[in-house]
Amino acid sequence: MADSLTCECACKGADGAAPSEAELMKRLDEVLDEHRAQPGGLIPVLQIAQAIFGYLPESAMRKIAEAFHKSFSEVAGVVSFYSFFSTVPRGRHLVRVCLGTACYVRGGREVLDALKKRLGIDVGQTTADRRFSLAVGRCFGACGMGPVIMVDDTVHQRVKSARVGELLEEHS
Amino acid sequence: MIACKINGLSVEAQDGATVLDAARAAGVRIPTLCFLEHQLPTGACRVCLVEVQGAKALMPACATPVAAGMVVTTNSPRVRRTRRQIVELLLSEHDGNCPTCARNGDCELQRLAEDLGISRVTFEGTKTRAHSDTSTPALVRDNGKCIKCRRCVTVCNTVQNVGALFPQGRGFATTIGPAFERDLADVVCVQCGQCAAVCPVGAIQETNHMDGVWAALEDPTRHVVVQTAPAIRAALGEAFGYPAGTRVTGKMVTALRQLGFDAVFDTDVTADLTIMEEGHELLKRLHSALVDKDPKVALPMFTSCSPGWIKFAEYYAPDFLPNLSTCKSPQQMFGALAKTWYAQRIGKSAKEVTVVSVMPCTAKKFEAQRPEMTASGVADVDYVLTTRELAKMIKAHGIEFRDLPDGKMDDPLGMSTGAADIFANTGGVMEAALRTAYELVTGRELPVKNLHLTPLAGLTGIKEAALKIEQALPAWSFLEGVTVKVAVAHGLGNARQLLDRIRRGEASYHFVEVMTCPGGCIGGGGQPRFTDDAVRLKRIQAIYAEDEGKTLRKSHENPAVQQLYREFLGAPLGHKSHELLHTHYKPSL
Ligand code: SF4
Ligand code: SF4
Ligand code: SF4
Ligand code: FES
């Protein structure tokens, strides 16, 4: 197996700079050379591709389709079936706002609106600098502390919508 | 043979038969929605459920093999109740309104609901999200009506090898369509309409050209002519209750006249003209290869009359584009001549003439709007009606089709030969071409019984034949002793296989006929539903009967074609032909 399998994220190149799209494509080509047209190989290759790019760009999916002699619609069918796959870039940090009943009545909605405004994106989107993606959740199990948001694995409690900016600054 | 019992009847089923096969053979009807003959069962719809003694659950007849001693009941109260429930569930999420649906009266879901006696839907639930996709010239998709039977997926992927349609997403939110619920224009689709031909409901249909035709017919300033493709006469009757294979040429002509067309013409004329042009093109290519030893000459030459195949080649076989005959299809040759030669004869300009085609095909709608199809200075063909659309117009006009007397096509573009008729069948263009080319080269008739090249007829996916040329006329002496090898493929999956064989050097030919649809035009995406192999074979027989019933059975004998060359075109492949009748191709993507 290619060692790119161990690569969990859109990782940095040797010099510390994020690798260019073209470099990532080259990695995908290497993976495809190894797995080309292997029966049952489509899903593993899609997983590797997602690990390489951090998501599944259309150009990568089209390339994979071609290598497996499948149509783009068929590959899309597989990708859209599994929620594991994402076709939009994910940010380095995932911000999840709880909209469970308790958090909602304690102002979760206002917090979400403040985050949307601050980040300039909607739920399900990623900021242009790929720093943050925004999502909503239903109850993180901290109802007494609402409203609650999670940034990656960190739980922030009793969030005030006026102060979401400071909170985001903690995550570079 | 396997002995089993269906509804108390003792039945001998073929080895490997499913319960559905056995029931059908025994004359027992089991409803189906997702089933497609020759394809692996998907078991998606469950309306074919039957009771099998000893099995706890009901079994899908289409996917259950018959076993020895099996006892099957297809009509018990439990089966009926369950089927009704399944159809009610389908209806509960179905976003459609029968009276205004294009499939009203021609819908398998509607018929099923009627057969099962469903008078109300007891379930209430969310409707399928409706999205109307009008992004392509030939087809309209309406997801709200889709029952997710996946027949279109099988046809597009397995039969046509295009793969435009697949299930997207998961669970209730699943949609059947192009990648990520995009529109058809965003993926590769050759507009063949085979998906529309198999869809049981109104979820995929041809783009409506009827309104445009009605408007043109109403406009007194327009001279509106109609051309009818050879495949229509062998299928139109089915829309009026005739059995498959009934020829209705004469009634069709009368109906078109009653609809108000100023002239009723036959695409057969330009099918014959295609043979003249394409035949000469082939001989020219053979001369370049055999005499001039030109290494660049592209052989085999491929036919170019099927627009879905052209689009397929532009996407998937750019390496073979030089091999495509440069001849336009008969539809487009007709349009170009109707708006030039014919228009001049009746003292009109191209702009004053409206050309309507009746085609068995949806891809012809796409072809007619290709930017290069404007040899007359305007679109050479204005509207393309499918066979189904023509049937609807006839009904809407209050014409009692079955009572009509036979009519005759108009001069000068209504003249046809048997060679042109067989364009409708797989293998027909090749046979017609060889009837003319052989006679041109040797001065003798094609030396086969009844002028039929039997190895090229029938529904085998890829067919081959070889023909040795002996005693060639002096002008063609370079062909003396040459064995001309030809092949025929229908259905794009078969075409792709044939291309691969040629690419790998496993086969070599001089001339190859490709038709997009299984069976050729008689099985086109615009023909009356439902087209299975039994229907295809009947239509094919009807077309051969039409051919054999004619005195003129070779394209070069068509008086209209001879007149066209004499008065207007000069010689085949001449300057005028080049301008009006030939085209070029470019790779897509
Ligand atoms: S698809 Fe069939 S059932 Fe649905 S609205 Fe149209 S005719 Fe009625
Ligand atoms: S028109 Fe033909 S190619 Fe296009 S989606 Fe339908 S079956 Fe597939
Ligand atoms: S579009 Fe038609 S053929 Fe395709 S899945 Fe839906 S109902 Fe079936
Ligand atoms: S026809 Fe058997 S499951 Fe659909």
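Use the structure listed above.
To keep things clear, this report deals only with the structure shown in the data block. For every chain, the first residue of the written sequence is number 1, and numbering continues from 1 onward in sequence order. Note on labels: chains are lettered from A, ligands numbered from 1, in written order. Under the rules for a predicted model, residues below a pLDDT of 70 receive no local features and side-chain atom pairs below 80 are neither given nor counted, while totals for whole chains, interfaces and linings still include all residues. Side-chain measures were taken over the full set of non-hydrogen atoms in the model, leaving aside hydrogen atoms and water.

### Comments concerning the overall build of chain A
This is how the line gets drawn: Put simply, DSSP marks the helices as runs of H or I at least four residues long and the strands as runs of E at least two long, and each gets a number from the N terminus on. The contact rule is simple, with two residues in contact once any of their heavy atoms fall within 4.5 Å. Method for areas: the Shrake-Rupley scheme with a 1.4 Å probe, in which residue coverage is limited to the protein chains shown.
A count of helices and strands for chain A gives six helices and four strands. Listing the helices and strands of chain A from first to last along the sequence gives α-α-α-α-β-α-β-β-β-α. Considering only contacts within chain A whose residues lie at least 6 apart along the sequence, 64% involve residues at least 24 apart. Summed over its atoms, the accessible surface of chain A is roughly 9,300 Å², and 51% of this surface lies on carbon and sulfur atoms.

### Some remarks on the site of ligand 1
Rules: One heavy atom within 4 Å of a molecule or strand makes the whole residue count as near it. Basically, the charged four are Asp, Glu, Lys and Arg, the nonpolar ten are Ala, Val, Leu, Ile, Met, Phe, Trp, Tyr, Cys and Pro, and anything else, Gly included, counts as polar.
Taken together, the residues surrounding ligand 1 are B:His94, B:Gly96, B:Asn97, B:Cys98, B:Cys101, B:Arg103, B:Asn104, B:Cys107, B:Gln110, B:Val201 and B:Gly202. Partitioned by chemical class, the residues of the shell around ligand 1 number four nonpolar, six polar and one charged.

### What about the pattern of salt bridges?
Residue and element names in this part refer to chain B. Condition: Salt bridge criterion: a side-chain nitrogen from Lys or Arg within 4 Å of a carboxyl oxygen from Asp or Glu. The buried label applies to any residue whose accessible area, calculated with a 1.4 Å probe on protein chains only, is under 20% of its type's maximum; exposed applies above 50%, and partly exposed to all values in between.
With the rule as written, the count across this model stands at 41 salt bridges over all chains. Here Arg-247 and Glu-546 are joined by a salt bridge, their closest N and O atoms 3.2 Å apart. Of this pair, Arg-247 sits in the loop between strand E11 (223-228) and helix H7 (249-259) while Glu-546 sits in helix H16 (residues 533-548), and the two are 299 residues apart along the sequence. For Arg-370, the salt bridge identified is with Glu-372, shortest N-O distance 2.7 Å. For Glu-372, a relative accessible area of 18% corresponds to the buried category.

### As for the nonpolar core
Nonpolar side chains in soluble globular proteins tend to end up buried together. The line we're drawing: What we call a nonpolar core is a set of buried Ala, Val, Leu, Ile, Met, Phe, Trp, Tyr and Cys residues that are connected through their side-chain atoms within 4.5 Å.
By size, the foremost hydrophobic cluster in this structure holds 92 residues, and its most contacted members are A:Leu46, A:Ile64, B:Leu165, B:Phe302 and B:Trp309. Not counting chain neighbours up to four residues away, the residues in contact with B:Phe302 comprise B:Trp309, B:Phe320, B:Asn323, B:Leu324, B:Ser325, B:Leu499, B:Ile502, B:Phe511, B:Val512 and B:Val514. B:Ala216, B:Met276, B:Met359 and B:Leu569 belong to the second largest nonpolar core, which has 62 residues in total.

### A look at the pairing of strand E2 (residues 9-13) of chain B
All names here are of chain B. The criterion, for reference: Paired strands, in this sense, are two strands between which DSSP finds at least two bridges.
Summarising the sheet, strand E1 (residues 2-6) and E2 pair through five bridges and their orientation is antiparallel. Across the sheet, residue Ala-3 finds its bridge partner in E2, namely Glu-12. In textbook terms, the turn of a hairpin is the stretch between consecutive antiparallel strands, and for E1 and E2 this stretch comprises two residues, one of which, Asn-7, has a positive phi near 50°.

### Overview of the packing of aromatic side chains
Residue and element names in this part refer to chain B. Short version of the rule: Between rings of Phe, Tyr and Trp, where Trp is taken as its six-membered ring, a pair exists when centres lie within 6.5 Å; planes separated by under 30 degrees are stacked, by over 60 edge-to-face, and by other angles tilted.
Summed over the entire model, instances satisfying the criterion amount to 11 aromatic pairs over all chains. Both rings, one in Phe-302 and one in Phe-320, keep their centres 5.5 Å apart while their planes meet at 70°; by these two values the pair is edge-to-face. Of this pair, Phe-302 sits in strand E13 (residues 301-302) while Phe-320 sits in the loop between helix H9 (307-316) and helix H10 (330-345); the two residues are 18 residues apart in sequence, bridging distant segments of the chain. We classify Phe-302 as buried; its relative accessible area is 0%. Classification of Phe-320 as buried rests on a relative accessible area of 7%. Judged by centre distance (6.4 Å) and plane angle (55°), the rings of Tyr-315 and Tyr-316 are tilted. The class of Tyr-315 is buried, set by a relative accessible area of 17%. For Tyr-316, a relative accessible area of 26% puts it in the partly exposed group.

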